[in-house]
Amino acid sequence: MRITFLGAVRTVTGSMHLVETGLNDIVAGRGSAGGSRFLLDCGLFQGHREEAARINGTLPFDASSLEAVVLSHAHLDHCGNLPTLLRNGFRGSIYCTPATRDLAALVLHDSAKVQHQDARHVSKIRARTGLPPVTPLYTANEVDRTIGRFRPVPYHEPFRLGPARVTFYDAGHILGSAITMVEADERTLGFTGDLGRPGEAILRDPEIPPGLDVLVMESTYGNRAHKPLDGAAERLGAIVRETAARGGAVLIPSFAVGRTQDITYALHRLRNAGAIPSIPTIVDSPMAVDATEIFRRHPECFDDDTRAMLAHEDPFGFKGLRYVREVDDSKSLNDLTDPFIVIATSGMCESGRILYHLAHRVGDARCSLVIVSFQAEHTLGRRLAGGASTVRIFGEPHEVRLQIHQLAEFSAHADGEELLAWVARVPRVGRIYCVHGEEAGSLALAAALRVRGYAADVPVRGQQVDAAPS
Ligand SMILES: [Zn+2]
Ligand SMILES: [Zn+2]
C-alpha cells in the first residue's frame, strides 16, 4: 500500500491523498486488475485567487485511472474539488456516510454558485483591459453529476475497493464526519479526516479505530490548547448577558454547516436554563437554514443528550429564534436598535452576510463579536481576532470598537492535547503523518508525538510513502 500526500500538507485546505493498493500486481506489469487506486478526500484549496485556480484546476494524476474517492466529511476543504475530478474523466464512485452525502450536495451547490458569481465579477474587471473572461472551476450541472456518483455507506459497515476493505468510524467533527480505515496488502491505514472534540454538543465523541500501521492525522490545532468544553456555553451566556445589558448586538460569524447548529443548540440550552435574556436570535444564512434541515434528517448521528432532547423539542429551534433566507430580511436587521444575536456566514468573515453586519456595527462599542471557529491567515476574522484597530470591509476603512471574544472551545477540531490523547487510545500505531495544519501546528504535533515515542513526520506535498510489508 502506497500513500501520496497531495493536499492539506503544511496547510489547512485542499485535503487530498492518493492510496494505491495491490502494488505488486501493478509493478509486475499485470495492470491494476489486482490493485486499486483511490483518493481520500478531494477538497478545494482555498487561498489567493490565482494560486487557488491553478492548484484546484490541475490534478496531479490521471483522474480516469481512479477507482473511487472516499470522502471523510462535507466541508469544502475536503469535498470541494470533486466536480473537477469528473470534468477530468473520473468514472468511479464516491463513498461517504449518508449525512455527508446530503451535506456535501448542499456545500457543492453553494460552491458552484460562489464560483459562478466570482468568475462573472473577475471577467468584468478583465474585460476593461481587454483580457479574456475566466470560467468557473465547475458548474451546477457538474455538481449534479458528482452527486450522482455518491454511494452512502453507514458507519461500521465495511465495503470493498478492489483488494482493500474500507470502514468508516465516527470522527465527531461535523454531522456525518468519518475516520476512514483501509485494510489492504496486510496493512492497515487510518485517516482521521478532521477530528472533533470529545464532549462536544450534538455529536458523539470521536471513535477509536483498531490498531493501525499508518495513521494520517489532522493537526489544525496541533500547537494550541482550547479551554475545556464544560463552561463554553456559560462563557457564551455571559457575553450575551453583558452585551444585552449594554444595549448592543452579538455578532457570531459561523460556518453554515456545523458551527451554526452548535451555537443554536447552545443558545437553546442557555435559554431553557434562563441564563440569557429572551432577545431575538437570528440565523442569517440561507445555507445554514438548509444545513439545519439536513441535521434534522439525520438523528442517527446525534449523541444521547441530543436524541433525548429530540423526543420532546426541536434542538435547533426555540421561541425568538428566526432563520432568515431573504436578503431583504437580512438587511432589515440593520434597523434593529435593541439587543439581538445574529449568527451569519462566513465563519472567517471573508464573505457572506456577516460582512454587512460588521460594516454596520464594527464601530459600536456596545456590540460584541464572538469568534467560535478557526480563523485562517490573511482573513478578516484573523485580523479582528488579532486585535486590529482598523479593518477594511468592502474596501472601506472601519475603526474597530466592538468587543471581540474568542471562544475557540466551540471549535469542531480537537486541540493539541486532545489529539495526543486520542492517539494514545488507538491500540497500536506504527507511523504517523501529520497533515491538515499550518506548518507550525503540524510540526508541533509531530514533535509532541515523537516525545511520546511515536514515529511521526510532517510530509511535504507530493511525497510518497510506502506502507507495504517490509
Ligand atoms: Zn472539517
Ligand atoms: Zn478540514
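Quick caveat, the model's predicted, so the values are computed rather than measured.

About the criteria used
Residues numbered from 1 in each chain as written. Chains lettered and ligands numbered in written order. Predicted model: local features only at pLDDT ≥ 70, side-chain atom pairs only at ≥ 80, totals over all residues. Heavy atoms only, no water. Helix = DSSP H or I, 4+ residues; strand = E, 2+ residues; numbered from the N terminus. Buried < 20%, exposed > 50% of the residue type's maximum accessible area, 1.4 Å probe, protein only. Contact = heavy atoms within 4.5 Å. Areas by Shrake-Rupley, 256 points an atom, 1.4 Å probe, with all protein chains shown as cover. Lys, Arg positive; Asp, Glu negative; His and termini not counted. Charge placed at Lys NZ, Arg CZ, Asp CG, Glu CD. Pairing = 2+ DSSP bridges. Axes fitted to C-alpha atoms, helices over the stretch in contact; angles between N-to-C directions. Donors = N, O, S within 2.8 Å, 3.2 Å for Na, K, Ca; no water. Tetrahedral: all angles 85-135°; square planar, octahedral: opposite > 155°, others 65-115°. Expected span 1.5 Å × (residues − 1). Core = buried A, V, L, I, M, F, W, Y, C linked by side-chain atoms within 4.5 Å.

Draft legend 1. The overall build of the protein, seen in detail. Looking only at helices and strands, one finds 15 helices and 22 strands in the protein. Taken over 470 residues, the protein has a buried fraction of 58%. When contacts within the protein are restricted to residue pairs at least 6 apart in sequence, those whose partners lie at least 24 apart make up 75%. Total accessible area on the protein stands at roughly 19,100 Å², and carbon and sulfur atoms take up 51% of it. Each charge class in the protein can be summarised by its mean position, and for the 50 positive and 55 negative side chains these summaries are 4 Å apart.

Draft legend 2. A look at the sheet that holds strand S9 (residues 178-184). Taking strand neighbours across the sheet as the criterion, the 7 strands line up as S7-S8-S9-S10-S11-S20-S21 in an open arrangement whose pairing is mixed. With one partner strand each, in any of the chains shown, strand S7 (159-161) and strand S21 (455-457) form the two edges of the open sheet. On average, each strand axis in the sheet is inclined to that of its neighbour by 20 degrees, with strand direction left out of account. Strand direction decides the pairing type here: S9 and strand S10 (residues 187-191), joined by 5 bridges, are antiparallel. When the sheet's bridge partners are listed, Glu-183 is paired in S10 with Thr-188. Across the face of the sheet, helix H14 (residues 416-425) comes into contact with S9, strand S11 (212-218) and strand S20 (429-435) while running at roughly 165 degrees to S11. The strands touched by helix H15 (residues 439-451) are S11, S20 and S21; relative to S20, the strand with the most contacts, the crossing angle is about 160 degrees.

Draft legend 3. Seen up close, the coordination of the zinc ion (ligand 1). Donor atoms from the polypeptide that bind the zinc ion (ligand 1) are His-73 (NE2), His-75 (ND1), His-173 (NE2) and Asp-194 (OD), placed at 2.1 to 2.3 Å. One can describe the site at the zinc ion (ligand 1) as irregular: its 4 donor atoms subtend angles covering 92 to 162 degrees at the metal. Look at where the donors of the zinc ion (ligand 1) fall in the sequence and you get H-x1-H-x97-H-x20-D. The two metals, the zinc ion (ligand 1) and the zinc ion (ligand 2), are separated by 3.4 Å and share Asp-194 as a common coordinating residue. With His-73 in the loop between strand S4 (68-70) and helix H3 (76-79) and His-173 in the loop between strand S8 (164-170) and S9, this pair connects stretches of sequence that are 100 residues apart. For the pair His-73 and His-173, one class covers both residues: buried.

Draft legend 4. Quick look at the coordination of the zinc ion (ligand 2). Within the protein, the atoms that donate to the zinc ion (ligand 2) are Asp-77 (OD), His-78 (NE2), Asp-194 (OD) and His-436 (NE2), at distances of 2.1 to 2.3 Å. Between the 4 donor atoms coordinating the zinc ion (ligand 2), the angles at the centre fall across 87 to 167 degrees, so the site counts as irregular. Each donor residue of the zinc ion (ligand 2) lies on the same chain, and together they follow the pattern D-H-x115-D-x241-H.

Draft legend 5. Local environment of H15. The first and last C-alpha atoms of H15 sit 18 Å apart over 13 residues, in line with the 18 Å expected at 1.5 Å per residue. Summarising the contacts, the buried residues of H15 are in contact with S11, H14, S20 and S21. Note on H15: the residue one or two positions beyond its end, Gly-453, has a positive phi of about 95 degrees.

Draft legend 6. Seen up close, the nonpolar core. Core analysis: the biggest nonpolar cluster contains 70 residues, and Leu-39, Leu-85, Leu-236 and Leu-267 have the highest contact counts within it. By residue number, the principal contributor to this core is helix H5 (residues 98-128), which donates 7 residues. Formed by 28 residues, the second largest nonpolar core is a distinct cluster that contains Phe-5, Phe-38, Leu-189 and Val-465.

The quantities given are spatial measurements derived from coordinates; they are silent on function.
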